[in-house]
Amino acid sequence: MTRRRVDLPVLTLGGAALLGSAFTFSSGGPAQIEFIHIRGAGLVLLLILGVAAVVAGILRVRGLAVVSGAGFVAAALLQLLQADRSVNWLDGDGSTVALMGGLGIGLLAVTLTPRPSADAVSVPTARKGTNHDESDRAA
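Residues numbered from 1 in each chain as written. Predicted model: local features only at pLDDT ≥ 70, side-chain atom pairs only at ≥ 80, totals over all residues. Heavy atoms only, no water.

1. With respect to helix H2 (residues 40-59)
Helical periodicity: at 3.6 residues per turn, an α-helix aligns residues three or four positions apart in one direction.
Part 1: End to end, H2 covers 29 Å across 20 residues, agreeing with the expected 28 Å (1.5 Å per residue, within 8%).
Part 2: On its buried face, H2 is in contact with helix H1 (8-20), helix H3 (62-81) and helix H4 (94-112).
Part 3: Directly after H2, the chain includes arginine 60, whose backbone phi takes a positive value near 60 degrees. (Helix = DSSP H or I, 4+ residues; strand = E, 2+ residues; numbered from the N terminus. Expected span 1.5 Å × (residues − 1). Contact = heavy atoms within 4.5 Å.)

Next comes the structure, spelled out in structure tokens:
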């Protein structure tokens, strides 16, 4: 039985969270460009949950990946509820909801979906001396 050393989908989504934080610093140039508006507590939460997902992917800790995904979904829901209000704990907008919601749903999907074991994936091969289809014998 061969096991992968890392959980690649979880590691990728965690890396995407960390990469998403780099868009915070994309305000240089003549015109301010903000693909993702995330500041303050939202940025800190993105980094913490992203690091947790990366660690979960490297160490193959399923529970930590679920906690990270649930944290992203909870943060997205909180931001959605506080949209266009005077109180905005995560200091974000719709792009924050989209980023955190997408990462959270993705982490939960890849973590909670059952994966086939290595034994179930193996393809049987034909052996010498086995019976073949009758159409192969006609000649």
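Next comes the rest of the account.
2. A word on the packing of H1 against H2
Part 1: Where H1 meets H2, the closest approach of the two axes is 7 Å, and the angle between their N-to-C directions is 155 degrees. When the interaxial angle is binned, H1 and H2 end up roughly antiparallel. For the pair H1 and H2, the sense of crossing is left-handed. From H1, Val10, Leu11, Gly14, Gly15, Ala17, Leu18 and Gly20 reach across to H2, where they touch Leu46, Leu47, Gly50, Val51, Ala53, Val54, Ala56, Gly57 and Ile58. (Axes fitted to C-alpha atoms, helices over the stretch in contact; angles between N-to-C directions. Parallel < 35°, antiparallel > 145°, perpendicular 65-115°, else oblique. Left-handed = near helix turned anticlockwise from the far one by under 90°.)

3. Focus: the confidence of the model for the protein chain
Part 1: Summary statistics for the protein chain give a mean pLDDT of 81 and a share of 73% for residues scoring 70 or more.
Part 2: Per-element confidence in the protein chain ranges from a low mean pLDDT of 55 for helix H6 (residues 134-137) to a high of 95 for H3. (pLDDT = per-residue confidence, 0-100.)

4. Thoughts on the environment of glutamine 82
Part 1: With respect to the helices and strands, the residue glutamine 82 is situated in the loop between H3 and H4.
Part 2: The class for glutamine 82 is buried, based on a relative accessible area of 8%.
Part 3: Along the backbone, glutamine 82 and glycine 92 are 10 residues apart, and their C-alpha atoms lie at a distance of 9.1 Å.
Part 4: If we ignore the near neighbours within four places in the chain, the residues touching glutamine 82 are Val87, Asn88, Trp89 and Leu90. (Buried < 20%, exposed > 50% of the residue type's maximum accessible area, 1.4 Å probe, protein only.)

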